[in-house]
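# A structural walkthrough
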Amino acid sequence: MANQEDIFKKVISHAKEYGYVVQSSEIYDGLSAVYDYLQNGAELKKNIREYWWQAMVQLHENIVGIDAAIFMHPTTWKASGHVDAFNDPLIDNKDSKKRYRADVLVEEHVAKIEAKIEKEVSKAAKRFGDAFDEAQFRATNARVMEYQEKADTIIKRLARSLEKEDLEDVKNLILELDIVCPVSGSKNWTDVKQFNLMFGTKLGATAESAMDLYLRPETAQGIFVNFLNVQKSGRMKIPFGIAQIGKAFRNEIVARQFIFRMREFEQMEMQFFIRPGTQKEWYETWKQTRMKWHLSLGMGAENYRFHDHEKLAHYADAAADIEFRFPFGFKELEGIHSRTDFDLGSHEKYSGKKLQYFDPELEESYVPYVIETSIGLDRMFLAILSHSLVDEELENGSTRTVLKIPAVLAPTKAAVLPLVKKDGLPEIAQEIMDELRLDFNVSYDDKDAVGRRYRRQDAAGTPFCITVDHQTLEDRTVTLRHRDTMEQRRLPIEELHGAIDREVGMRHWLKKIL
Ligand code: ATP
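Residues numbered from 1 in each chain as written. Predicted model: local features only at pLDDT ≥ 70, side-chain atom pairs only at ≥ 80, totals over all residues. Heavy atoms only, no water.

Helix and strand counts for the protein chain come out as 18 helices and 23 strands. Here the C-alpha radius of gyration of the protein chain, 26 Å, is about what a compact globule of 514 residues would show, namely 24 Å. The dimensions of the protein chain, computed from C-alpha atoms along their principal axes, are 80 × 60 × 55 Å. A buried classification covers 50% of the 514 residues belonging to the protein chain. (Helix = DSSP H or I, 4+ residues; strand = E, 2+ residues; numbered from the N terminus. Rg over C-alpha atoms; globule rule 2.2 N^0.38 Å. Buried < 20%, exposed > 50% of the residue type's maximum accessible area, 1.4 Å probe, protein only.)

Written as structure tokens, this is what we have:
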């Protein structure tokens, strides 16, 4: 575990050293759970955004994108249920004075039980070798079954208590499970209380006329209130989707783990409007479609899994997370929710305006059902960064630090390196830069020995290095070095564009999800 913690610390320090992410207002000792993206971080974020948008909007004829305001009429949040139900159950430890999410304390306890199951499974897998039947082992091994039942019972009870708002039982559960505060080690807990996560602010110049507003806690509502505007102006026919990328704000109780849980973050959401009664199929379709998008980035199928929700939010009739293996374990990266007609129906009620669709095939009007896909851009960023950072042992015994970001998302696609700063090499390097920068983000580096420059680019995540040397003067060929394989090959300057594009061009990656 310590090892995983070290890896995570390394990700955080690497993010700072290589111009990806730092804490906001660092010179004033920072603001908790708020972060700034620096030059490389802003590029990576932009590329993730673009990859999502293209996959969602450009590749789907029936999905369009919008950009709604962060401020919304306050009644929106009554209708959406956020004023009454966007709460987290919090609990304080009286000795350490630390605050926790009560549900998370219980879930972490369950995760420990699940880790024991995994240990048993991997021990048995080793013991039985090729003959190992994992499903059968899980279903029949007494110890595994006992653990599993324990875990299931706890999760069910937590879900039931939260649903019934029985906060006393949540506290009892924490006490019965002997959960201690990780800081003080004590079981001296306060009662569990609900805490609303929305940030409030005011609109208007004078105190009397000011209107209480909230910073949006999700981008989804900007889509729902515009459902008819988009449907009518775009003459959209059901099924169709509306996508949006934008900032969301949540006053998270426990904001740890770097950019995993932030107070200001960005969401990429898509609401898909469908006929009532078809939600089961569409829910499955979107689960698979979104998983395909993730897998297209090549970060390993073993690092993703679905987690179906036991405890459903007030608006959902089915929900699943796509979890990713972060350095601190499998955690939610994206949510897929079957939201029924809850949102549109509720906005109808609160606004007094009809939000219905006339279905020409059925010849009737109805409030559409909705399947939502919702992913945190910053969380996706963390998944990529933490997965990509590796220390590699080389044949000569040394190690190199390399950031193997999927090439399509890499902030800088190629670095142009003149071997020396004279003999006309910088001029050719500049000429290459000027040509490539029309399509790719490229950088120029002429400091230090070329080996050190390679290492610097590896650590920054640049997929290609182009070295200009004296032979270039004679035959206009350069060396193209590949970040992941470290393979070097000579090719004419004219072929650079094609060679780079084949690996970083978005179209080649998007093809994998068609
Ligand atoms: P969690 O259980 O982790 O709090 P959630 O279930 O409340 O998340 P949703 O409301 O479904 O999350 O939001 C959709 C996505 O937005 C999440 O899958 C996550 O990627 C992202 N997200 C939510 N809250 C945060 C946050 N505080 N910081 C960064 N990303 C977030």
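Time to look at the site of the ligand. Inspection of the region around the ligand gives 17 residues, with Glu-252, Arg-261, Met-262, Glu-332 and Leu-333 positioned closest. Between a nitrogen atom of the ligand and a main-chain N or O atom of Met-262, the distance comes to 2.8 Å. Protein coverage of the free-state accessible area of the ligand, which is 590 Å², stands at 86%. At the level of elements, strand E10 (264-274), strand E13 (329-340) and strand E16 (369-376) are the ones that each hand at least two residues to the shell around the ligand. Element by element, the count of residues in the shell around the ligand is highest for E13, at five residues. (Near = heavy atom within 4 Å. Polar contact = N/O pair within 3.5 Å; in protein donor to acceptor, adjacent residues only side chain to side chain. Areas by Shrake-Rupley, 256 points an atom, 1.4 Å probe, with all protein chains shown as cover.)

All right, on to the UniProt feature "binding site: substrate" (unreviewed entry) in the protein chain then. Feature annotation in UniProt assigns "binding site: substrate" (unreviewed entry) to the following positions: Arg-101, Glu-218, Phe-265, Glu-266, Gln-267, Met-268, Glu-269, Glu-372, Thr-373, Ser-374, Ile-375 and Gly-376. For the annotated residues, spread through 276 residues, the largest C-alpha to C-alpha distance comes to 25.3 Å, inconsistent with a single compact locus. Not counting the four nearest positions on each side in its chain, Met-268 is found in contact with Ile-48, Arg-49, Trp-52, Gln-244, Ile-245, Thr-373, Ser-374, Ile-375 and Leu-377. Structurally, Gly-376 is set in strand E16. Classification of Gly-376 by relative accessible area gives buried; the value is 17%. With residues up to four places along the chain from it excluded, the contact list for Gly-376 reads Glu-266 and Leu-333. (UniProt positions renumbered as here; feature names shortened; annotations may be inferred. Contact = heavy atoms within 4.5 Å.)

Note on placement: Asn-40 falls in helix H2 (residues 39-58). Taking relative accessible area as the criterion, Asn-40 reaches 13% and is therefore assigned buried. Once you skip the residues sitting within four places of it in the chain, Asn-40 turns out to touch Tyr-18, Gly-19, Tyr-20, Pro-411 and Thr-412.

The next point concerns the pairing of strand E4 (residues 87-92). With five of six residues buried, E4 is to be regarded as a mostly interior element. As paired elements, E4 and strand E6 (residues 193-196) share four bridges and run antiparallel to each other. Note on E6: the bridge partner recorded for Leu-90 is Lys-193. Here E4 pairs with strand E5 (residues 99-101) via three bridges, running antiparallel. Considered in E5, the bridge of Leu-90 is made with Arg-101. Here E4 folds back onto E5, and the loop between the two strands holds six residues, one of which, Lys-97, carries a positive phi near 65 degrees. (Pairing = 2+ DSSP bridges.)

Attention shifts here to the packing of aromatic side chains. Tallied over the entire structure, the rule returns 22 aromatic pairs. Their ring planes at 50 degrees and their centres at 6.5 Å tell us that Trp-52 and Trp-53 sit as a pair that is tilted. Owing to a relative accessible area of 0%, Trp-52 belongs among the buried residues under this scheme. When the centroid spacing of 6.2 Å and the interplanar angle of 0 degrees are considered together, the rings of Phe-128 and Phe-132 count as stacked. Members of the aromatic cluster, each reached through a chain of ring pairs, are Phe-8, Tyr-35, Phe-258, Phe-260, Tyr-304, Phe-324, Phe-326 and Phe-328. (Phe/Tyr/Trp six-rings, centres within 6.5 Å; stacked < 30°, edge-to-face > 60°.)

In space, the seven strands of this open sheet follow the order E3-E9-E10-E16-E13-E12-E11, with mixed pairing throughout. The sheet is open, and its two borders are formed by strand E3 (63-66) and strand E11 (304-308), each paired with just one other strand. Strand-to-strand, the axes of this sheet are offset by a mean angle of 25 degrees, without reference to chain direction. Sheet topology note: the E3/strand E9 (residues 240-249) ladder contains four bridges and is parallel. In the sheet register, Ile-63 faces E9, and the bridge partner there is Gly-241. (Axes fitted to C-alpha atoms, helices over the stretch in contact; angles between N-to-C directions.)

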